[in-house]
Amino acid sequence: LGDTRSALRLQRQARAWADPRLHLEVVYRLYAKRFSDPLPRDLSLEQERGLEGVRVRSAYTRWSQETGVPWHGRSYDRRNWAASDPVNRALSAGAAYFYGLAHAAIVSAGFSPSLGFIHTGKLLSFVYDLADLYKTEYLIPAAFLTVAESDLEVERRVRRALRERIEAGKLLERMVDDLLDLFSG
């Protein structure tokens, strides 16, 4: 997938991350890839994050209505996993699987998982940025459809459903292509 002998891609990412103008350009490119209706260019990063949150919450609501799976918001406690409702457990288990795939795409393409643009300050910030591009297309539907079938063993079943959707959609290849496109030019 990537050329592991050259640091050129990492250097492009670092340059874009460090330059405020280029940083914001990558943010706009990420949002343009994620949503069909682009965000206005005069928004701050905080305003963009707020609008993103509205769009994602709308996706949760839509899938809840389509599947009949009750949705009371994103809520889980890592210390008390069993207390979470099935759809939140499916979303969390699926997200972990999804983040692993995004991490593999980032590293194999020669980029850093830490230098994020929307998410910042974490070792996996760019992993979250990349995974979020496909969350409403892959993760949210897989979680709700899995729970709609049954609320038993949702963690295992959502990972299987995601694996099948990811393979069918050639998502790993798409992730790498999207990464390369983010830093082209």
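Preceding this section is the structure that the text describes.
In this text the structure is predicted, and so the values were computed from the model without any measurement. (Residues numbered from 1 in each chain as written. Predicted model: local features only at pLDDT ≥ 70, side-chain atom pairs only at ≥ 80, totals over all residues. Heavy atoms only, no water.)

Draft legend 1. Structural detail: empty space enclosed by the protein. Tallied over the full model, the rule gives 1 cavity of 30 Å³ or more. Here the largest cavity defines a volume of roughly 30 Å³. Taken together, L30, Y31, R34, E52, I118, D129, D132 and L133 make up the full set of residues lining the largest cavity. Listed by contribution, the elements that provide at least two residues to the lining of the largest cavity are α2 (20-34) and α5 (125-132). Top contributing element to the lining of the largest cavity by residue count: α2, with 3 residues. Residues that form the lining of the largest cavity fall into these classes: 4 nonpolar, no polar and 4 charged. (1 Å grid on protein atoms, 1.4 Å probe; cavity = no way out; pocket = protein on both sides within 12 Å on 5 of 7 lines; lining within 4 Å. Points joined across faces, edges and corners; volume = space filled by probe spheres on them. Helix = DSSP H or I, 4+ residues; strand = E, 2+ residues; numbered from the N terminus. Nonpolar A, V, L, I, M, F, W, Y, C, P; charged D, E, K, R; others polar.)

Draft legend 2. Seen up close, the packing of helix α4 (residues 86-108) against helix α6 (residues 135-149). Remark: α4 packs on α6, axes separated minimally by 9 Å, with the N-to-C direction vectors making an angle of 140 degrees. Judged by the inter-axis angle, α4 sits oblique to α6. In the crossing of α4 with α6, the sense of the turn from one axis to the other is right-handed. Touching P86, V87, A90, L91, G94, A95 and F98 of α4 are K135, Y138, L139, I140, A143, F144 and V147, all from α6. Looking at the contact of α4 with α6 residue by residue, the class counts come to 12 nonpolar, 1 polar and 1 charged. (Axes fitted to C-alpha atoms, helices over the stretch in contact; angles between N-to-C directions. Parallel < 35°, antiparallel > 145°, perpendicular 65-115°, else oblique. Left-handed = near helix turned anticlockwise from the far one by under 90°. Contact = heavy atoms within 4.5 Å.)

Draft legend 3. Here's a closer look at the packing of α4 against α5. Between α4 and α5, the shortest axis-to-axis distance is 9 Å and the interhelical angle comes to 110 degrees. Viewed along their axes, α4 and α5 adopt a mutual orientation that is roughly perpendicular. Counting all contacts with α4, which are made through F98, Y99, A102, H103, A105 and I106, the residues of α5 involved are F126, V127, Y128, L130 and A131. The residue makeup of the contact of α4 with α5, split by class, is 10 nonpolar, 1 polar and no charged.

Draft legend 4. Seen up close, the layout of surface pockets. Here the largest pocket is characterised by a volume of approximately 490 Å³. Looking at the largest pocket, it is lined by 21 residues, and the ones nearest its centre are Y60, R74, Y76, Y99 and K135. Residue composition of the lining of the largest pocket, grouped by class: 10 nonpolar, 4 polar and 7 charged.

Draft legend 5. Region of interest: the environment of V154. Here V154 lies in helix α7 (residues 154-168). Separated by 90 residues in sequence, V154 and S64 place their C-alpha atoms 16 Å apart. With sequence-adjacent residues up to four places away left out, V154 is seen in contact with P86, R89, A90, T146 and V147.

Draft legend 6. Summary view of the packing of aromatic side chains. Inspection of every chain in the model, using the stated rule, returns 8 aromatic pairs. Connected via pairs of aromatic rings, a cluster forms that spans F111, F117, F126 and F183. (Phe/Tyr/Trp six-rings, centres within 6.5 Å; stacked < 30°, edge-to-face > 60°.)

Draft legend 7. Fine view of the pattern of salt bridges. Inspection of every chain in the model, using the stated rule, returns 11 salt bridges. A salt bridge links K33 to D178; the nearest nitrogen and oxygen atoms lie 3.5 Å apart. Separated by 145 residues along the polypeptide, K33 in helix α2 and D178 in helix α8 (residues 171-182) bring together distant segments of the chain. We classify K33 as partly exposed; its relative accessible area is 28%. A relative accessible area of 15% places D178 in the buried class. Across the pair D132 and R34 runs a salt bridge, and its minimum N-O distance is 3.9 Å. Here D132 is found in helix α5, whereas its partner R34 is found in helix α2, with 98 residues between them in sequence. For the pair formed by D132 and R34, the shared burial category is buried. (Salt bridge = Lys/Arg side-chain N within 4 Å of Asp/Glu carboxyl O. Buried < 20%, exposed > 50% of the residue type's maximum accessible area, 1.4 Å probe, protein only.)

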